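Residue-level structural notes
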Amino acid sequence: MEKKLRPGSLCVQAGYKAKNGEPIELPIIQSTTFKYDDSDEMAQLFDLKKEGYFYTRLQNPTNDAVAAKIAALEGGVGCVLTSSGQAANFYAVFNICEAGDHIVTSNEIYGGTFNLFGVTLKKLGIECTFVSPEASDEEIQAAFRPNTKALFGETITNPGCAVLDIERFARIAHQNGVPLIIDNTFATPINCRPFEWGADIVTHSTTKYMDGLATQVGGAVVDSGNFDWMNCRHTGDNTPSLLGEGRGEAKFPGLCTPDESYHGLTYVKAFGKMGYTTKLVAQLMRDLGSIPAPQNSFLLNIGLQTLHLRMAQHCKNAQRVAEFLHDCPKVAWVHYCGLKDDQYYELGQKYLPNGSCGVIAFGLKGDRETAIKWMDSLQMINIVTHVADARTCVLHPASHTHRQLSDEQLREAGVAPDLIRLSVGIEDVEDILDDIKQALDKI
């Protein structure tokens with residue numbers, strides 16, 4: 001029996017194992033297509049009756065090796081890489097939704113995802129209801145409809161740094177016979193594995209900590225294999241579904257009824273626990289694309305090899321910076337779940353006992369211009385759209401990533417107009433603090 005590796009070893013070893021005489025580093029298979037001598041063999045590949053490679057939009061050895069590593073880190077049965085984190089969130093939902101369907105989501109999510117669900121999906125006929133993650137069970141339950149297909153949230157919200165009660169959201173989702181989809185980008189599987197708390201699908205923007213060096217844009221969708229699509233329930237979960245069993249064909253027809261575009265194949269019957277990811281590749285990637293380039297997956301894999309080391313340093317540095325900001329008289333407020341008086345401290349201790357991430361949300365005393373002046377006075381810290389990088393980065397969402405939202409919409413999305421998102425890197429923490437202090441002296 002093969003030994004089960006711990007997360008740090010999986011970061012380095014999972015997904016690809018060199019054979020005798022083969023390269024130790026994952027090769028880049030930068031080819032669009034793959035040759036076969038036998039026409040029937042390729043036909044079987046197209047019919048999904050045989051495993052293999054024929055076109056990189058559907059499968060590629062480099063991409064698949066990195067996907068396997070991420071699946072192992074999250075404890076899932078399968079993973080599909082996408083060309084961006086936004087594509088991952090879109091595919092995770094669209095794989096089980098169609099026009100006329102509905103989803104429920106926490107309103108404290110990344111601004112791009114907020115717009116994707118609230119505006120773009122609506123144009124495709126998929127409605128979305130936003131709920132506060134602080135709302136009562138009854139209030140969240142009231143958002144569900146007969147055509148609701150999923151509940152969505154973020155482990156640690158971007159940019160507000162709130163911690164989601166994953167176990168509670170999972171219970172509510174499963175009572176309604178739908179999966180819980182969690183964006184685990186900020187925590188990474190090093191600091192939180194949502195499947196262990198009842199989540200069914202996990203997404204990532206691999207652009208962030210998984211890459212860690214700002215070299216590639218990518219995303220991932222990971223399936224736990226724990227949601228019984230045919231019976232609309234989480235396997236091993238004693239939470240009773242409000243739908244009853246045997247409702248999969250009506251609730252999730254894309255997975256539980258024949259796909260006429262694929263010779264009448266029914267994904268969950270043909271592929272069992274791999275039905276969700278197989279459909280995502282065979283149907284959505286086939287029709288919509290949004291795959292990563294093998295070169296990007298190669299770069300992502302290099303980042304993954306040090307993920308466990310970097311996350312520890314990010315958290316160590318961020319804790320020091322959060323404590324400094326907490327005690328600074330020029331700072332109005334700080335959100336970081338590592339602070340004992342933070343409203344999410346207890347949830348952080350439950351779900352993120354080894355640390356959360358390097359991102360801190362805080363506000364300065366003053367107005368928007370105060371935040372801008374402080375940021376413009378920084379010398380080492382970078383003003384960039386990016387976050388979760390080896391370098392310390394800063395952003396004012398109301399002026400940048402969320403500038404399309406009014407102050408009222410910002411608050412609905414859990415983003416205070418004065419919020420500054422500071423992504424603490426892995427530089428020497430004293431240099432990070434020195435830069436913050438000298439910029440504070442100028443406001």
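Throughout what follows, the structure given in this document is the object of discussion.

The rules behind the values
Residues numbered from 1 in each chain as written. Predicted model: local features only at pLDDT ≥ 70, side-chain atom pairs only at ≥ 80, totals over all residues. Heavy atoms only, no water. Core = buried A, V, L, I, M, F, W, Y, C linked by side-chain atoms within 4.5 Å. Buried < 20%, exposed > 50% of the residue type's maximum accessible area, 1.4 Å probe, protein only. Contact = heavy atoms within 4.5 Å. Pairing = 2+ DSSP bridges. Helix = DSSP H or I, 4+ residues; strand = E, 2+ residues; numbered from the N terminus. Axes fitted to C-alpha atoms, helices over the stretch in contact; angles between N-to-C directions. Salt bridge = Lys/Arg side-chain N within 4 Å of Asp/Glu carboxyl O.

1. Regarding the nonpolar core
- Grouped together as the largest cluster of nonpolar side chains are 61 residues, with contacts concentrated most on Ile70, Cys79, Ile166, Leu180, Leu304, Leu307 and Leu352.
- Beyond its immediate sequence surroundings of up to four residues, Ile166 is in contact with Thr155, Leu180, Ile182, Cys192, Pro194, Trp197, Ala199 and Tyr351.
- The next biggest cluster of nonpolar side chains, apart from the first, holds 41 residues, and it includes Leu45, Leu121, Ile126 and Cys256.

2. Focus: the sheet that holds strand β2 (residues 102-106)
- Taken in spatial order, the seven strands of this open sheet run β1-β7-β6-β5-β4-β2-β3, and their pairing is mixed. Every other strand in the sheet has two partners, leaving β1 (78-82) and β3 (127-131) as the edge strands with one partner each. In this sheet, neighbouring strand axes are inclined to one another by 20° on average, regardless of whether the strands run parallel or antiparallel.
- Where strand β5 (residues 180-183) meets strand β6 (residues 201-205), three bridges bridge the pair, whose relative direction is parallel. Looking across to β6, one finds that Asp183 is bridged to Thr203.
- Lying over the sheet, helix α4 (residues 85-94) contacts β1, β2, β4 (148-154), β5, β6 and β7 (219-223), oriented at roughly 160° with respect to β6.

3. Things to note about the pattern of salt bridges
- Evaluated as defined, the whole model comprises eleven salt bridges.
- Among the salt bridges present, the one from Asp287 reaches Arg286, with a minimum N-O distance of 2.7 Å.
- For Arg286, a relative accessible area of 22% translates into the label partly exposed.
- Here Arg320 and Glu430 are joined by a salt bridge, their closest N and O atoms 2.9 Å apart. Of the two residues, Arg320 is situated in helix α14 (residues 307-327) and Glu430 in helix α18 (residues 429-440); the sequence distance between them amounts to 110 residues.
- For Glu430, a relative accessible area of 37% corresponds to the partly exposed category.
- Look at the salt bridges and you will find they share partners, linking Asp137, Arg168 and Arg171 into a network.

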